[in-house]
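Analysis of the macromolecular model
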Amino acid sequence: MVVIATLLLLLCLNINQATAASATRFPDIKSSTTPSPTKSASTGTTASCQAALRECALFSVDEASLDNVYQQAFSAMLQKQRLEYQHNLVKARDFLINLMNLFILNPDLPPDSRSCQGADSTPVTILNDPTATLPKVDSVPDITVRKLEQCVVNEWSSWSNPFAFGVIERRRTVVQKGVCCPDDLVQQVNVSAYIGSTDTVFQNKDNVGEYFHNDFLNKQPRDILLIIDTSSSIFSEDFEFMKQGINSMIDLFCGGFGSGAKQNRLAIMQFSDRPLIVHYFNDSQAPADLRKKVQSMEDFGGRTCTGDALEEAYDQIFRLDRGVRADTPNDTLLVTDGHANCGANLLEAAQRLQKRSKSVYALGIGIAKDAAARSQVTSVVSNEDPHHIFALERYVEFKDMISFIRDKQQGKPCVPIVSEQI
């Protein structure tokens, strides 16, 4: 009977481990702490098994204290029943369920008729040999059982303002870790089909500014590459607005720029028909010098060879001999006003760049109505994450957005911005 009592505790310990491991080895097996039968077994014990397992799932057992029992009793029992536990955790799970039914729920049933059936298993008869005996255990160590806390999550937040190209989201958080925590803590819905591509709600500079600060500026320390589109579709006035916005933005990064280990470093590239590296990570990181480099950029005009620029970033920018730090995240921000029309394959170049740049962001200006351009920008950013996409209607709004962020930061660039919903 000592072994029988131990098996119940072993079930509590191993049912989760066995199921999780089986899901890893056998991807077609659903990971679940308890089976979910849809019909009763012929013995009428399935409901009892279910209730007992649900109760058992609320407890865990100190694994170290069960080592001796596991070796002497559990392994011997598995061998007695001829189950290949080493290579078949699914069978082991079903076996544990049946042991619970056999020894705990129905002690008076004859040994050849005790079974427990789940929706994903067939009935298993335990101890077909009525003369079979349990292995003896010389000593059983003290076993500590503690009740696990139930997982607690808060209520869903309100739906956010639209961002990226028309995505809204809501979130909830785990306030107390425990069993049965949900996987869906973030829900996102693309509502662009409902608000229309001509609607500017997701291009509002204040709304975009909040996300731009919280998702891009408010992180440290990083090595950050700016890739600036200077093709002929950008008018001279817009080019100046963009440079003014970038120069103002340099002071708004959490951690600032410099040579310190906890400071950011900046590299700059512009492109049209060809890429041109303006500033490397191992060039001066003094903010005044960074602004001089931005101001020195010229409006070259030409086509939009975005893929070539991403290839150049991979080959020439994110290198140790160019100042990139091995122990620091590498981020990229692409600023563009149109879709690529020349050069290397954009998707392949983006996938290659993402091997060296931890996160790739994109600021699309004036492309909300261009489905092809939206699709290309989305394909460039890491994991096609909408939090990596920012959309504005005009370049002057980029400059105004940076001014909005500066006013909201109030000299505290590492504090998130929380604005009223539009």
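Presented here is an overview of the structure given in this document. These numbers come from a predicted model, not from an experiment.

1. So, the nonpolar core
Phe 212, Phe 216, Met 249, Phe 398 and Ile 405 are the most contacted members of the largest nonpolar core, which has 52 residues in total. Sort the elements by how many residues they give to this core and helix α12 (residues 395–409) lands first, with seven residues.

2. A word on the state of the cysteines
Evaluation of the coordinates by the stated rule reveals three disulfides. Covalently, Cys 254 is tied to Cys 414 through a disulfide, its sulfur atoms 2.0 Å apart. In this structure, the disulfide formed by Cys 254 and Cys 414 twists by about 100° around the S-S bond and is classed as right-handed. Here Cys 414 lies in the segment after α12 and Cys 254 lies in the loop between α7 (236–249) and β8 (265–271), a separation of 160 residues in the sequence.

3. Let's talk about the packing of α7 against α12
When two helices pack together, their arrangement is captured by the angle between the axes and the distance separating the axes. With their axes 7 Å apart at the nearest point, α7 and α12 run at an angle of 20° to one another. When the axes of α7 and α12 are compared, the pair comes out roughly parallel. Here α7 runs over α12; the crossing is left-handed. In this structure, α7 uses Asp 238, Phe 241, Met 242, Gln 244, Gly 245, Ile 246, Ser 248 and Met 249 to contact α12, whose residues at the interface are Tyr 395, Val 396, Phe 398, Lys 399, Ile 402 and Arg 406. Among the residues making up the contact of α7 with α12, the classes are represented as eight nonpolar, three polar and three charged.

4. Focus: the side chain of Gln 270
With respect to the helices and strands, the residue Gln 270 is situated in strand β8. With relative accessibility at 2%, the residue Gln 270 sits in the buried group. A polar contact of 2.8 Å, which involves the side chain of Gln 270, links it to the backbone oxygen of Glu 298. Residues in contact with Gln 270, not counting those within four places in the same chain, are Ile 228, Thr 230, Pro 275, Leu 276, Val 278, Met 297, Glu 298 and Phe 300.

5. Things to note about the pattern of salt bridges
Taken as a whole and judged by the stated rule, the model has 14 salt bridges. For Glu 240, the salt bridge is made with Lys 243, and the minimal N-O distance between the two is 3.5 Å. Here the residue Glu 240 and the residue Lys 243 both occupy positions in helix α7, the gap between them amounting to three residues, near one helical turn. Among the residues examined, Glu 240 registers a relative accessible area of 31% and is labelled partly exposed. Asp 315 is paired through a salt bridge with Arg 352; the nearest N and O atoms lie 3.0 Å apart. In this pair, Asp 315 is assigned in helix α9 (residues 306–317) and Arg 352 in helix α10 (residues 346–353), connecting sequence segments 37 residues apart. On the basis of relative accessibility, which here comes to 31%, the residue Asp 315 falls in the partly exposed class. Among the charged side chains, a network of salt bridges with common partners joins Glu 311, Asp 315 and Arg 352.

6. As for α9
Between its first and last C-alpha atoms α9 spans 15 Å; for 12 residues at 1.5 Å apiece the expected length is 16 Å, and the two agree. Among all positions of α9, only Thr 306, Gly 307, Ala 309, Leu 310, Ala 313, Tyr 314 and Ile 317 are buried. Seen end-on, α9 carries its buried residues on one side only, within an arc spanning 165°. Looking at the packing, one finds that the buried side of α9 touches β7 (223–229), β8, β9 (275–279), β10 (330–336), α10 and α11 (371–380).

Conventions and cut-offs
Residues numbered from 1 in each chain as written. Predicted model: local features only at pLDDT ≥ 70, side-chain atom pairs only at ≥ 80, totals over all residues. Heavy atoms only, no water. Core = buried A, V, L, I, M, F, W, Y, C linked by side-chain atoms within 4.5 Å. Buried < 20%, exposed > 50% of the residue type's maximum accessible area, 1.4 Å probe, protein only. Helix = DSSP H or I, 4+ residues; strand = E, 2+ residues; numbered from the N terminus. Disulfide = S-S within 2.5 Å. Axes fitted to C-alpha atoms, helices over the stretch in contact; angles between N-to-C directions. Parallel < 35°, antiparallel > 145°, perpendicular 65-115°, else oblique. Left-handed = near helix turned anticlockwise from the far one by under 90°. Contact = heavy atoms within 4.5 Å. Nonpolar A, V, L, I, M, F, W, Y, C, P; charged D, E, K, R; others polar. Polar contact = N/O pair within 3.5 Å; in protein donor to acceptor, adjacent residues only side chain to side chain. Salt bridge = Lys/Arg side-chain N within 4 Å of Asp/Glu carboxyl O. Expected span 1.5 Å × (residues − 1). Arc of directions from axis to C-beta.

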